[in-house]
Amino acid sequence: MYSTMEYYEDIFPVIYINMIKVGELSGSLVNSLEQAIEYLDSSDALSKRVKNIVIPNLLQFFGMLFLLVAGTMYAIPSIQDVFKEVGSQEKLPAITLWFSNFLDNFIVWWYVPVLIIIALAVGLIFYIRTPNGKYKFHTFKYKMPVFGSLIYALDFSRIMKAVSLNIKNGMRIQQALEVSKNVARNNVMMSIVESAINNVMIGKSWVEPFEEAGFGNRMTTEMLKVGMKTDLSAMLDKLLEYTEMDIDNILQRIMKVLPEISYLIVGVVLIFFVIVVLVPCIQVYMGSFLFSAYL
């Protein structure tokens, strides 16, 4: 079934296909289907939670940005005309004049930054498609602030779920890792699993590559070490329970941090809007420019 689904990667997520593959090869298709459904549901719930926080703040950000640009382009010239008509020596704030000149220059030379941004984006896309660039990009995914630890925890959980299924169906650890390595579509995780397989072949611990990578929680590798000395299958079940709790804790931290970051960005734009647009408007409204014109 998984080989047929591979022809329709635009419909079925790659991770979903690999979970089905693990289930078919290990003889646990029912469990794999349940895990795949659980993955799709959790991914959908996570994306909804993130969207509920990000989208409203993005709308506020772009709304403030629009008011800033529109106010600078239309209100500031009108205020300058008022100063000139009454013969006032009053001047607009330096930051207002700077931003107004910046917008004027941007209107004239808008295609230069647009071309630079397009060139950088195209160059980045081509670089990411190279083996070295793709590996560095996947490393950045695990190290990126806010979301890095979550991405690694999710990939590690999927790998361990697949390994657990394979071991319960009689596979050796080397075979279980070999079948499960493609569940996470991250080159860094796949290289860690490859190193684990090589360690098994030469008689070393397959847990060492996960520990040396340093991306995840140290408790997870310690649990795997204990499992190798006792009952690996039972310890994997406990490890998966612990990983799920760890993922929930990471999600809770992210949900606390995201609003703070978005509020900070919107707040900075709001302060800039007040300084650039509202201060000159208040200056005209209060009539202070009339005193300088009289003097």
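Fair warning: this is a prediction, and the values are worked out from it, not measured in the lab. The residue count restarts for each chain, going from 1 along the sequence in the order it is written. Only residues with pLDDT of at least 70 get local features here, since the model is predicted, and only at 80 or more are side-chain atom pairs given and counted; chain-wide, interface and lining totals rely on the full set of residues. Working from all heavy atoms in the structure, the side-chain values ignore hydrogens and water.

1. What about the nonpolar core?
Thought 1: Nonpolar core, defined: a set of buried Ala, Val, Leu, Ile, Met, Phe, Trp, Tyr and Cys residues in which side-chain atoms within 4.5 Å join the residues together. Working definition: with a 1.4 Å probe on protein chains only, accessible area under 20% of the residue-type maximum means buried, over 50% means exposed, and in between means partly exposed. One finds M160, M189, W206 and F210 to be the most contacted residues of the largest nonpolar core, which totals 39 residues.
Thought 2: Contacts: residue pairs with any heavy atoms within 4.5 Å of one another. Residues in contact with M189, not counting those within four places in the same chain, are Y142, Y152, D155, F156, I159, A184 and F210.
Thought 3: One finds M64, L68, F273 and V276 within the second-largest nonpolar core, a separate group that totals 8 residues.

2. Considering helix 8 (residues 173-180)
Thought 1: Looking only at helix 8, the buried set comprises I173, A176, L177, V179 and S180. With its buried residues spanning 165° around the axis, helix 8 presents them on a single face. Put simply, DSSP H or I for four residues or longer makes a helix, DSSP E for two residues or longer makes a strand, and each gets a number counted from the N terminus. Of all possible arcs, the one meant is that of the directions from the helix axis to the C-beta atoms.

3. Section: the side chain of K161
Thought 1: Its place among the elements puts K161 in helix 7 (residues 148-168).
Thought 2: Once you skip the residues sitting within four places of it in the chain, K161 turns out to touch Q35, E38, L240 and E244.

4. Looking at the side chain of N186
Thought 1: Position of N186 relative to the elements: it lies in the loop between helix 8 and helix 9 (187-201).
Thought 2: A relative accessible area of 2% means that N186 is categorised as buried.
Thought 3: Each residue touching N186, except ones within four places of it in the same chain, is listed here: H138, K141, Y142 and D155.

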